[in-house]
Amino acid sequence: MRKEILYSLKSPYRESLDITGFKFGSGKKSIAIVGAMRGNEVQQMYVCSRLIQELKRLEKKNEISCDCEIMVIPCVNYYSMNIGKRFWAMDNTDINRMFPGYDLGETTQRIADGLFSVLQGYEYGIQLASFYQQGNFLTHVKLMETGLTDSSLLKLFGTSFGIIRTPRPYDTTTLNYNWQIWETKAFSVYTNSTDTINEKSAQEAVSAILRFMYNTGIITKTIHAAYATEIISENSIEQIRSEDGGLFMNKTEVGKHVEENEILGEILNPLDGETVSVIKANFSGIVYFVYNTPLINENTVCFKIIRD
Amino acid sequence: MVQSVTQASLAVNETLNIKKNSIKNGKSGKRICVVTGIHGDELEGQYLAWLLADHINKNIGCLNGTVDIYPALNPMGIDSITRGIPLFDLDMNRVFPGSKDGTMIETVCSAIIDDIAGADICIDVHSSNIFLKEIPQIRISVPTAETLVPYAKMLNVDFIWVHESATVLESTLAHSLNSRGTKTLVVEMGVGMRITKEYCFQLFDGVLNLMKNLGMWSGETKEPRVPAISLNGAVGFVNSDAAGIFVQTANFGDHVRKGDHIGDVLNPLTGKIEEKVTAVCDGMIFTLREYPIVYGGSLLARILCDSSDDIIEKGITQQ
Ligand SMILES: [Zn+2]
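The model shown is predicted, which means the values in this text are computed figures rather than measured ones. (Residues numbered from 1 in each chain as written. Chains lettered and ligands numbered in written order. Predicted model: local features only at pLDDT ≥ 70, side-chain atom pairs only at ≥ 80, totals over all residues. Heavy atoms only, no water.)

## As for the overall build of chain B
Alright, step 1. Looking only at helices and strands, one finds six helices and 17 strands in chain B.
Alright, step 2. On C-alpha atoms alone, chain B measures out to a radius of gyration of 20 Å, which is about the 20 Å that the 2.2 N^0.38 rule sets for 319 residues.
Alright, step 3. Each of the three principal axes of chain B carries a C-alpha extent, and together these read 65 × 50 × 35 Å.
Alright, step 4. Every one of the 319 residues in chain B was classed for burial, and the buried ones make up 58%.
Alright, step 5. A separation of at least 24 residues holds for 70% of the contacts in chain B among residues at least 6 apart in sequence.
Alright, step 6. Total accessible area on chain B stands at roughly 12700 Å², and carbon and sulfur atoms take up 50% of it.
Alright, step 7. When the 27 positive and 37 negative side-chain charges of chain B are each reduced to one mean point, those points stand 5 Å apart. (Helix = DSSP H or I, 4+ residues; strand = E, 2+ residues; numbered from the N terminus. Rg over C-alpha atoms; globule rule 2.2 N^0.38 Å. Buried < 20%, exposed > 50% of the residue type's maximum accessible area, 1.4 Å probe, protein only. Contact = heavy atoms within 4.5 Å. Areas by Shrake-Rupley, 256 points an atom, 1.4 Å probe, with all protein chains shown as cover. Lys, Arg positive; Asp, Glu negative; His and termini not counted. Charge placed at Lys NZ, Arg CZ, Asp CG, Glu CD.)

This is the structure in C-alpha cells:
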C-alpha cells in the first residue's frame, strides 16, 4: 500500500487540506474508489476505510492481479466533516457539483479539478454516494445513463438491484457523470446510511466492490455471487409521499417485501398526537427507501418501493 | 391585493405560503412580474418590491395592466438568513420548473412557474451573494439574447452580460420561464444581506420605464442609461491564488489596465503579502469582492474587457 497526498489546498487559518489516496498493486490504472465528498458522509468514508483493510490483506497475499493499480480516496472534504458542515463551509458549495473542475476557477472548482486530474485514466470508477434526502436506502449500485458505460456491468456487483438513472441538468456537474465523459466506466454505490455508520450495509458495499473487482479480474481472490442483480430504471421506482406535515412514524424497514395496502407508516399531529394520515403501500413490492427523520413536511417522499 | 400563490404544510403547526401582491388597474391585459428572494441571503430586491408597490399604489391611475410583485419566493430562507431552502440545503434556483407531482419544493416551484407564465415580462432580481458586490446588471444567456436584450436596455442597468449557456442553469426560474415563452430577465445588483438604496432606485426607474414601453404606465419616467454590453465572452475573472485576507486597492466601477494592481491577499499571522493581485485585462471592474477572507480560487473581481482578444470566459455565471 502506498499513501499519497493527491491534492493540497492552503487555507487562510487552518492546516492545509491534503486529499489523501491509498494505492494498491501497480501498473494499469484499473479502478479508483472515492468516498466522502460531503462533510456528513461518514458511512461513505467508513466503507472506504474497510475496503482499505481488505485490500491490505489481499496485497499481502498477492491476490491483486499483475498490472492492476487500485486507488481509494476515503475522504475528500474532511474540512467540512471536522466542523460539522455538509458542504464547503465558506460558500456552501458542493464539491460533487463542480466537476470536471477548473484549475483557475473558484475554490471548490479547483478542488474538483485537482481531484479529477488524478481520477482520470482509470478503467473503472466507483463513488460512494449519498442522497440529499434524509433516509435509509437499500444497498444498491447506480449507473448514470450516458450511453458510455455498459449497464450489464451492474450485474458484476451482485447487489440485489442495479439502478439506471437518466441524468438531469444538475447531474452533469457530478463526478460520476464527468468520469464517464472522460471514458472511465463509473458507478455509484449507495448504502443504507450517511451520517451514521451502518455496519451491515457497509459490509454489503465492501463485498459488492470486491466482487466487482474479482469479476473484472482486478483481484484474484474469489468473491462469491450474492444476488442475481436485477437491473431497473430509477423512474420505475414508485414514490409514496406524505399527505400532511407532522411527526413521521415508520412502521416498516428497508429491504422488506410489503403487500398491497400494508401500513408503512403514520403521520401524527405533533402537538396533540392525533393520527392525521396513515401511509399504505398502493401495491406489493420491496421497500427501497424509508424517510428517517421524525419531522416531515407535506409532499415529502417517505417511502420508495420497487414494485413486484 | 395580496394573494397566495401556493401553500404546503410544514411539520409543526405552520404552512409554507408563497405570496404575491397583484396590483391591477385599467382594461389592459398587459402584465409584468417582479420576483425576488429565491436566494434567502439576497435582499436588494426587497426594497425594490416596496418602492414599486408604494409608488404604484399612490399613482394607481397611471397603471393600465397588472403588476405582480413576489417579494419572497423562498420565505423560509429569507427569514433565517439562508441562501437555499433551509432544511433541504437545496438551491431553489436549481429546482425549476419543478413538478406537479414531485416533492414539496418541486410542487412549490411548479406552482410558481404556472403563476408567472404568460406575463409579458418577468424580472427576477438577485443580489449576488455575501462575497461579491455587483454593479446593476442583467445576465442573459446567448440563445435568448436576441429576444431579451431590447427589454434589458429599458431597465436602466449599467451592464448587460451575455454569457454562454450552461446545462446546470437549465434548472433556473429564468430558463424555465424563457423556455415556456415568458420573457424573463435576471438582474444581479449589489451585495448579499444588504440593501444598496441607489441601486434599488436605479432599477425602480428602469421598471417604470419598461412599463411605459409596454404601454402600461402613463406616469413620469426617466430616460434609461445606456448599458455596456459584454462582447462575446469578454469578461475577465480574477481569482485568488493564495489564502488570506483580500484588501482592495482598486474601486468598484474603476477602469483598469491589464497588470494594474487591484488589491492584495495578506497574511495576518506573518505580516507578509501572499499575493499581489492584478487585473487580467483592460476594462471596467463590475464585480468586486466584499467579504475579505479568501482561499485559493476565491473570486476577487470580474472585469468587462475592452476587447475580446485575450479573454475567454470560463467561470460559470451564478444565478
Ligand atoms: Zn441569487
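That covers the picture; the talk isn't over yet.
## Section: the sheet that holds strand β4 (residues 68–75) of chain A
All names here are of chain A.
Alright, step 1. A sheet is described by the order of its strands in space; here nine strands give the open sequence β1-β2-β4-β3-β5-β9-β7-β8-β10, paired in mixed fashion. Looking at which strands have only one partner, the edges of the open sheet turn out to be β1 (2–9) and β10 (230–233). Put simply, the sheet's adjacent strands are angled 25° from each other on average, direction ignored.
Alright, step 2. In terms of strand pairing, strand β7 (residues 140–144) meets strand β8 (residues 161–165) through four bridges, oriented parallel. Considered in β8, the bridge of Leu143 is made with Ile164.
Alright, step 3. Together, β2 (17–26), β3 (29–36), β4 and β5 (124–129) form the strand contacts of helix α1 (residues 42–60), whose direction differs from that of β4 by roughly 150°. (Pairing = 2+ DSSP bridges. Axes fitted to C-alpha atoms, helices over the stretch in contact; angles between N-to-C directions.)

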